[in-house]
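Chain by chain, the residues:
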Amino acid sequence: MKKGLAALVITSLLMRTVLNTGMAASKPDCKASEAGSSISVMHNDDQQIIKTGDKNRIKVGIVDSGVDYSEDINVKKAKNFVDEYVDKGFMFSDLSGHGTAVAGVIAANTEGKTQGINPDALIYSADVLDEQSTSTVDRLVEGIDWLIREKVNIINISCGTDKDSEKLHSIIKKAYNQGILLIAAAGKGDKISYPAKYKEVVAVGAVDDDGVIMSDSPSGPEIEVVAPGKDVTTYGSFGDLCRVSGTSISAPYVSGLASLLWQKYPDRSAGFIRQLLRESAKPLGDACHYGYGLVDRTAALDKYDDVLSKYDETTSTGFSYDESSLNTSDTGKVRGFWSLVEHEGVVVFNSQILKEGAIWPDNVSSSVEGMVENPEFHGLYRANYVKSSIYISKVASILSKTGKFPKAHTKFEKKVEKAAKNGFDLYKLKEKKDKSLFVYGMAIHAATDVFAHSSTGVAGKTRNALYKKSVKKLVKSWKRIKHGPRDPATGGFYTKTNMADDNICIPRRYKIAAKKTCNWILKKAVLKNRAATTDMYSNIKWYKSIAEIKKYGNTKGDIKKKKAFLIQSFGVIKLEKYLKGASSRKVKAVAENLADSNIRGVIKKWAKD
C-alpha cells in the first residue's frame, strides 16, 4: 500500500468496558518510555491469507466525503447527506477526494497500482463531508445512523470535532450497543478529537516510516493503537494515485485489517477483534503517543486462537444514552484530518480544481443543477449534449490562454459563464490556469453524465437474475434507464430504484464508456488546453457489432449470447443524431447501438424467435 512500508494493520471494537481491559496486553503508562522503532514489524508482506466467501465478507461503513466510481474500489451502497448536492452523480460522488483515499486504503482491489488491506471488504459510504472536507455534527450523526440501519460491522470515521457533543456521543453509543466496531482518526494537532476521544471508539494515531509518532498526531490516554500515516499511496480524483498523510489515513489501515481478521470468524464480536488488536500490537513507547502500540497483522494471526480461547464475551456490556438527544440540532463543525502530499499518477495538473469543476453542476449554488431544468449540463438527451460539452471545453480552452470568457450569445452560453463565475467565487480561483481547469471539469461532467441520463438498456441490480428471463422479455424491457422516484423527505432519489446512478446496473456504462470519455478529455483537451471534439465518444467499445449480432440463431449457445448482449450492452439516446457530420469513421461506428434502427430490427426479430 505504501512505498518502503512493509506494513498492515489491525484493530477493533464493540463492547469496550473496564472489565475487558483486564484481559488485554498491558498498556504502558503515559510517559513510560521514549518513542519508537522501525515500522517494518507490521508485516504487510505476510503470507498468511484468510480465505473468505461472500457470506464471510465484512461490511465496512465509511463516514466521509463519498467514494468516486472506480473499477478498483467497489462500493456496495452509498447515501449522500450533503444538502447542496441533492442529485450528486455516481462518477464523481466524492466531493473532496478524502473519502476515496480512505476507501482505497481499506479495500482497493488492484495489485498493479496499489492494493487495499482487504479487497474483500464490502464498502458502505455515508457521504457527509463537503468539498472542503468539512461537515456538521448533525450530518455526521445522520451518516452514522444510516450505517447502523444498514447493519455494518465496522464504521470508519476519519473526521471529527474539537467539542464534546451529547448528540454525537449518543449515536456512538447506539452503534456500539448494536455490536459495531467504531474506529476513528485521533485528529490533527495537540488534542484528541471527538468521537475518537470517546471510550466506545478505537482512537488511532499516526506514525511515520520509522515508527515515530507524527508531529501533528495528537496524544492522550485515549490513543489505543497507531498505524502508518505518512505519505501513504492511495487513490485520488480521476483514478489518479496520490500520497496523503494524517490520522485520516492511519484509521482506515486499522479498519481494513479489522475487517480482514473479522472475516475469519464473522460470528465473533467486535470486542474480540478489539482485544486481538491490543494483544498483538507492538509496543513503541509512551502510551499517550502510541497506546498499545503499532498494529501488526502477523502477530494478530499468530495470536488469534490464543486470544479467542480466553476471551469472555459475557464481560461485554452496553452503554445507556438519551435517545431524545438524537432529535436535537448540533451544527458544530466537523473536519477531516489529512493533508494531500502530491499526486503520483499521469495527472500533471491540479486535479483537485478539476474535480471541483466536475462536481460543480450538481451544486445548487452553481445555478445549473437539475438535469431536467438544465439538460445541457447533465448529458440529458433533451439537449444536444455532445455540442454542449464541446462548447464548455472550448470556454475552458479560451480561459487557459486569455483568462477571459468568449462573448456569450445564447441562453446556454450565458448559463455557462454564470455557473463558472459562481464557482470561481466560491473556490476563490484567480489564476487563468485554475479557472480553465475548473471549467474543463464542468465539460467532463456534461460528457460523462450522458451515460447516466441518456442511456438505454435492460435495468436490474441483480444482473444474474436477468439471465433467467427469456429473450422476448428482455427485449420488451429494453428502455431508458431511469432515476426515480424521489424520496419526499430528502428530495433525493431512492437508492434502491435509482438505476441510472447505480454502477451495478449495466456496469459497462461506467467501465467502458464514461471512464474512457473522461480520460479522452483529460488527455486530448485538458493536457493540451484545447476544446474537445466528437472524437471523445470514439473510445466507447460496444458489446458486439451488428454483423456479429445477426449471426445469432436459436441454439442454446446462441440464446445465451443474445441474453448476454441485451443484459451487458446499452444504447445512448440521440447519440447518432448529435454526431451527424462527424468525419471520424470510429465516431460513426459508436452510433451503432440499440437506438440504431438496424439493431432494433435485429432484436425485434429475436423477440419473435
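What this report covers is the structure whose coordinates are included nearby. Just so we're clear, the structure is a prediction, and the values are computed from it rather than from any experiment. (Residues numbered from 1 in each chain as written. Predicted model: local features only at pLDDT ≥ 70, side-chain atom pairs only at ≥ 80, totals over all residues. Heavy atoms only, no water.)

1. Some words on the sheet that holds strand S8 (residues 159–160)
For clarity, the threshold we go by: A pair of strands is labelled paired if DSSP reports no fewer than 2 bridges between them. Numbering goes from the N terminus for both helices and strands, where a helix is a DSSP run of H or I of at least four residues and a strand is a run of E of at least two. Whether two residues touch is decided by their heavy atoms; if any such pair falls within 4.5 Å, the residues are in contact. Between the N-to-C directions of two axes lies an angle of 0 to 180 degrees, each axis being a line fitted to C-alpha atoms and, for a helix, fitted only over the stretch in contact.
Taken in spatial order, the three strands make up an open sheet running S6-S14-S8, and their pairing is antiparallel. Each end of this open sheet is capped by a strand with a single partner; those strands are strand S6 (134–136) and S8. The strands that helix H3 (residues 137–149) touches are S6, S8 and strand S14 (333–336); relative to S6, the one it contacts most, it runs at about 85 degrees.

2. Some thoughts on the pattern of salt bridges
For clarity, the threshold we go by: Here, a salt bridge means any side-chain nitrogen of Lys or Arg that lies within 4 Å of a carboxyl oxygen of Asp or Glu.
On inspection of all chains with the given rule, the structure shows 15 salt bridges. In this structure, Glu279 engages Lys310 in a salt bridge whose closest nitrogen and oxygen atoms are separated by 3.3 Å. Of the two residues, Glu279 is situated in helix H6 (residues 270–280) and Lys310 in helix H8 (residues 297–310); the sequence distance between them amounts to 31 residues. Residues joined in a network through salt bridges with shared partners are Asp145, Arg149, Lys174 and Glu323.

3. A short note on the packing of aromatic side chains
Quick reminder of the rule: Stacked, tilted and edge-to-face pairs are distinguished by plane angle, under 30 degrees for stacked and over 60 for edge-to-face with tilted covering the rest, among Phe, Tyr and Trp rings (Trp via its six-membered ring) whose centres lie within 6.5 Å. A 1.4 Å probe rolled over the protein chains alone gives each residue an accessible area, and that area as a share of the maximum for its type sets the label: buried under 20%, exposed over 50%, partly exposed in between.
One pass over the full model with this rule turns up 20 aromatic pairs. Taken together, a centroid distance of 5.3 Å and an interplanar angle of 40 degrees make the contact between Tyr69 and Tyr510 tilted. Here the residue Tyr69 occupies a position in the loop between strand S1 (59–64) and strand S2 (75–80), and Tyr510 occupies one in helix H16 (residues 508–526), the gap between them amounting to 441 residues. Neither residue differs from the other here; Tyr69 and Tyr510 are each classed as buried. Here Phe565 and Trp606 contribute two aromatic rings whose centre-to-centre distance is 5.8 Å and whose plane-to-plane angle is 85 degrees, an arrangement assigned as edge-to-face. Separated by 41 residues along the polypeptide, Phe565 in helix H18 (residues 556–568) and Trp606 in helix H21 (residues 597–608) bring together distant segments of the chain. We note that Phe565, like Trp606, is buried. Taken together, Trp360, Phe405, Phe424, Tyr427 and Phe438 form an aromatic cluster joined through their ring pairs.

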